[in-house]
Amino acid sequence: MAINTNTAPYGSWKSPITANAVASGSSSVGMARVDQANPTRVYWIESRPQEGGRLVLLSKDVDDYSERTLRELTADSKWNVRTAVHEYGGGAYAVYGGLVVFSNWSDQGVYLVDTNKHDAVPMRIGEQNDKLRYASFVVHPSKKFVVCVREDHRESDIQASAALVAIPIPSGSVINERDEYPPSKDMVLFDKADFVSSPAISPMNNELSFYAWNHPDMNWDATTLYCATMTLGDDGIPSVLEHLRVVAGAPGELRESIYQPRFDDDGLLHFISDRSGFWNPYYLGADGEIHQSLESPISADFAGPEWAFGESTLQPVPGLKFSVVISYTQNGMLKMGILNVATHAIEDLPAPGWSEVGSFQLGYSHSGEQVLILIAGGPTERMSLFTYYINGLSAKQHTGSKSVSDAYSGFLSEPQEIVFPTKLPPFDSPESKDANAYAYYYPPTNKDYQGPDNELPPLLVLSHGGPTSAASSVLQSKIQYWTSRGIAVADVNYGGSTGYGREYRERLYPHFGEVDVQDCCAAALYLADSGLVDRKRLSIMGGSAGGFTTLACLAFRPEVFAVGASLYGISDLEVLAKETHKFEAEYPVHLVGPYPEARAEYIRRSPLYSVDTLACPAIFLQGLEDKVVPPNQATLMVNALKEKGIRVAHIEFEGEQHGFRKSENIVRALEAQLYFFSQILGFETADQIDPVPIFNDPSTANQ
């Protein structure tokens, strides 16, 4: 026992990881890009919770680890480098030769800024219609046009059409008398699918590759990879694609999910496909055939689901023939390397304490040394921007707190991956089979406190969103907020999660609200049976689809959990099937079944219609501008619980969409959950928190 360790009930420990510290640390970095015409320069996006969640574009030299060459390219608060395509966005900018093209959140317009000029101001280009949204930009080397995805909402939101378009990049000489670029016509290159993504241009010619897919599939179900030649007009702008052909994933053939098309210096097309059951690398050979990049497929995913544009976990290495940088996780360990697709040899690149990497880009230091730019993090460090010196096998950090582990030494709980037993549907049948599922377990950790000898800690189960997504072991302040106060956390990768191959991913089809519920309950009970947590104080929390899983656990397995928290979660699957946005409009077909044919199943699995079995208190937190999960989903559930007499709290946030971006709302949401849980689970918080109105609470006036 440490000399100065205090004994206090679990949940009551005093922690330096306050809600304000979580909010201030919620700034994140993403979407790193290297200017391939000036490969000593790196660009990236940074979120600013203290500025209402605004996304800011920054750049600096790849070998500058200070702020000497740092430039904030969208400093004015009117700029927010964010797109609403698919509602989840991503891929909101591109750069080439100092020309930056980006999408601005307020009007969804496309803006151009020449960063070679220090006083340059972004100016709107393209059709300049606020009903058009753009993402997944790539600037042609001629700098005469940009190819991107366009989502057209002029006639309908739920049926918004998708197209691959070319937008002319105007020269300064065409500025009108109002000092603006006049509108120009988007040149539609491809519009023969419900969705299109990830255009890539060959450095050898005007060859273009991209992938597309159609309802009812999501892009992790089945996509088609295309190649075509852009035919340029006299003005250097393409108006049509010629020789359009399917490379892989032809409809009616092998169903495969194809991501990240990339051309190397020699025009060889690389991509990732899960045709083997796992997302592995492949390439299109000079013979026109698809070849494995590895000697044989391996049971590891080299990519994740593309909810947002711009993912990059595979990147050709300039100057190194037949070579790509890759990453994957196998047996719980992150691995990176340079893969020679001709010899199948992999040169390992050590991953120093990282468990997650992305945003791969290749560049050069000013000394001419080749570097890998990436965003990476691990159990004791948040996701940050790094320059990785391939030859020296070392990494230097650009962004993020360099001293998180030092600042909170003795307060950080490191995750332990656990494998626990579960069941497969049908659960109430002799045909149900035994299986395993996965979770990250975080024990309570605080160097200043220990729990009483006769007490076990409460457990908070986290059910991630998606649901086709995954829990991460990268340092998350929101998890440490709980563990440093004496509350254990289990972040569950239930059946349906990614990172374990297609078969595991499709366990949830069509069993959403069943497999996820079973696995979250199984994880909690496994930890209780192992003597690690208090069986009577199990709680659960989730956002979006994870909020649905949370509510479903409370409604259909009321004997397991004592309390739950739903953040912008789904309570009525039928409403979601009828009201959600285009990207996920037919997602429920796989998760539950076709609607309205399977309407009875939607109702049966909806927590809203099973309030009679729900006996657990719950708190609901909801953004009022959420277009993914309508705010009425929370309101309907709250009203039902109020009528039943169950303790319930409901907090709505003005100006928030799907997830909380403003620092004050991040603080309020986190503290409200802790307060509500303390009232239900019976512990006093060490924090001074504004009380949350609780309906049906006999100890308050809100009964």
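What counts and what doesn't
- Residues numbered from 1 in each chain as written.
- Predicted model: local features only at pLDDT ≥ 70, side-chain atom pairs only at ≥ 80, totals over all residues.
- Heavy atoms only, no water.
- Pairing = 2+ DSSP bridges.
- Helix = DSSP H or I, 4+ residues; strand = E, 2+ residues; numbered from the N terminus.
- Contact = heavy atoms within 4.5 Å.
- Polar contact = N/O pair within 3.5 Å; in protein donor to acceptor, adjacent residues only side chain to side chain.
- Salt bridge = Lys/Arg side-chain N within 4 Å of Asp/Glu carboxyl O.
- Buried < 20%, exposed > 50% of the residue type's maximum accessible area, 1.4 Å probe, protein only.
- Axes fitted to C-alpha atoms, helices over the stretch in contact; angles between N-to-C directions.
- Expected span 1.5 Å × (residues − 1).
- 1 Å grid on protein atoms, 1.4 Å probe; cavity = no way out; pocket = protein on both sides within 12 Å on 5 of 7 lines; lining within 4 Å.
- Points joined across faces, edges and corners; volume = space filled by probe spheres on them.
- Nonpolar A, V, L, I, M, F, W, Y, C, P; charged D, E, K, R; others polar.

Chemist: Summarise the sheet that holds strand β3 (residues 41–48); cite the residues concerned and give the values.
Modeler: The strand order across the open sheet built from four strands is β2-β3-β4-β5, with neighbouring strands paired in antiparallel fashion. Two strands lie at the open edges of the sheet, namely β2 (29–34) and β5 (71–72), each paired on one side alone. Bridge count between β2 and β3: four bridges; the pairing is antiparallel. Residue pairing across strands places V29 opposite E46, the latter belonging to β3.

Chemist: Break down the environment of D114 for me, with residues and values.
Modeler: Along the chain, the position of D114 falls in strand β8 (residues 110–114). For the pair formed by D114 and R54, sequence separation is 60 residues and the distance between their alpha carbons is 21 Å. Excluding residues within four positions of it along the chain, D114 makes contact with G98, L99 and A120. Polar side-chain contacts of D114 include one of 2.8 Å to the side chain of N116.

Chemist: Tell me about the pattern of salt bridges, and please be specific about residues and values.
Modeler: Considering all chains together, one arrives at 32 salt bridges under this definition. For the salt bridge of R150 with E127, the shortest nitrogen-to-oxygen distance reads 3.8 Å. Linking R150 in strand β11 (residues 145–152) with E127 in the loop between β9 (123–125) and β10 (132–139), this pair joins segments that are 23 residues apart in sequence. Of the two residues, R150 and E127, neither departs from the other in class, the shared state being buried. Connected through salt bridges with shared partners, the residues E46, R48, E51, R54 and E72 form a single ionic network.

Chemist: Before we move on, could you go through the sheet that holds strand β7 (residues 99–103) and cite the residues and values that matter?
Modeler: Read from one edge of the open sheet, four strands run β6-β7-β8-β9, paired in antiparallel fashion. Each edge of the open sheet carries a strand with a single partner, namely β6 (93–96) and β9. Between one strand and the next, the sheet's axes are offset by a mean angle of 30°, whatever the strand orientation. Here four bridges tie β6 to β7, and the two strands are oriented antiparallel to one another. When the sheet's bridge partners are listed, Y93 is paired in β7 with F102.

Chemist: I'd like to hear about the pairing of strand β31 (residues 434–442), residue by residue, with values.
Modeler: When strand β30 (residues 416–423) meets β31, the two strands line up antiparallel, connected through eight bridges. Its bridge partner being in β31, P421 is matched across the sheet by N436. Sheet analysis places β31 next to strand β34 (residues 488–493), joined by five bridges and oriented antiparallel. Bridge pairing in β34 places Y442 opposite V489.

Chemist: Explain helix α6 (residues 545–556) residue by residue, including any values.
Modeler: For α6, built from twelve residues, the straight-helix expectation of 16 Å at 1.5 Å per residue is met to within 8% by its first-to-last C-alpha distance of 16 Å. Taking burial as the measure, the twelve residues of α6 include eleven buried ones, the bulk of the element. Residues A545, G546, G547, F548, T549, T550, L551, A552, C553, L554 and A555 constitute the buried set of α6.

Chemist: Break down the side chain of S257 for me, with residues and values.
Modeler: The topology assignment puts S257 in the loop between β17 (238–248) and β18 (258–263). Beyond its immediate sequence surroundings of up to four residues, S257 is in contact with N219, W220, D221, T223, I272, S273, D274, W279 and R502.

Chemist: Could you give me a rundown of the layout of surface pockets, with the residues and numbers involved?
Modeler: Roughly 1,000 Å³ of internal volume is contained in the second largest pocket. Q36, V138, R262, Q315 and Q361 are, among the 35 residues lining the second largest pocket, the residues nearest its centre. Only β2, β6, β10, β14 (195–201), β18, β22 (314–316) and β26 (356–364) provide two or more residues apiece to the lining of the second largest pocket. Residues that form the lining of the second largest pocket fall into these classes: 20 nonpolar, nine polar and six charged.

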